[in-house]
Amino acid sequence: MYMKECFTCFTKGSRSMTDYLHGIKSLTDELAITNDPLDDADLVIHTLNGLSAEYKEVSTALHTHEK
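Definitions and cut-offs
- Residues numbered from 1 in each chain as written.
- Predicted model: local features only at pLDDT ≥ 70, side-chain atom pairs only at ≥ 80, totals over all residues.
- Heavy atoms only, no water.
- Helix = DSSP H or I, 4+ residues; strand = E, 2+ residues; numbered from the N terminus.
- Buried < 20%, exposed > 50% of the residue type's maximum accessible area, 1.4 Å probe, protein only.
- Contact = heavy atoms within 4.5 Å.
- Core = buried A, V, L, I, M, F, W, Y, C linked by side-chain atoms within 4.5 Å.
- Phe/Tyr/Trp six-rings, centres within 6.5 Å; stacked < 30°, edge-to-face > 60°.

Peer 1: What am I meant to see in unusual backbone geometry here?
Peer 2: Across the chain, the bulk of peptide bonds are trans and the bulk of non-glycine residues have phi less than zero. Its identity as a non-glycine residue notwithstanding, N35 has a phi of 60°, on the positive side. Along the chain, N35 turns up in the loop between α2 (17–33) and α3 (40–49). By relative accessible area, N35 is classed as exposed at 69%.

Following this line, the structure appears as structure tokens:
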């Protein structure tokens, strides 16, 4: 549960996009190692939700596309 909470609370903040995505990758790798991997839909949702307002248009477009 701790790792999933870390993933849920992980945001881009002032990180570069590269650092943010590397952080997401590290967290998902750790979850997979513990035999509790995220499915693709949850991974996309959490990743998009962690983006700042600067990426709102991209995030909204991807959320809409998923439906």
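Once you've had a look at it, read on.
Peer 1: When you look at the environment of M3 in this model, what are you seeing that I'm missing?
Peer 2: For M3, the location among the structural elements is in helix α1 (residues 2–9). For M3, a relative accessible area of 17% translates into the label buried. Once the C-alpha coordinates of M3 and L31 are considered, the two residues, 28 residues apart in sequence, prove to be 6.6 Å apart. Beyond its immediate stretch of four places on either side in the chain, M3 contacts L27, E30 and L31.

Peer 1: How should I be thinking about the nonpolar core in this particular structure?
Peer 2: It is characteristic of soluble globular proteins that their nonpolar side chains tend to be buried jointly. Counting ten residues, the largest nonpolar core is built from M3, F7, F10, Y20, I24, L27, L31, L38, L48 and L51. Per-element tally for this core: the top contributor is α2, with four residues. In contact with F7, not counting residues within four places along its chain, are I24, L27, T28, L31, L38, L43, H46 and T47.

Peer 1: So what exactly am I meant to see when it comes to the packing of aromatic side chains here?
Peer 2: Each aromatic ring pair is specified by the distance between its two centres and by the angle formed by the two planes. Scanning the model with the defined rule gives one aromatic pair in all. With a centroid separation of 5.6 Å and 5° between ring planes, the pair formed by F10 and Y20 is classed as stacked. Of this pair, F10 sits in the loop between α1 and α2 while Y20 sits in helix α2, and the two are ten residues apart along the sequence. With relative accessibility at 15%, the residue F10 sits in the buried group. A relative accessible area of 0% means that Y20 is categorised as buried.

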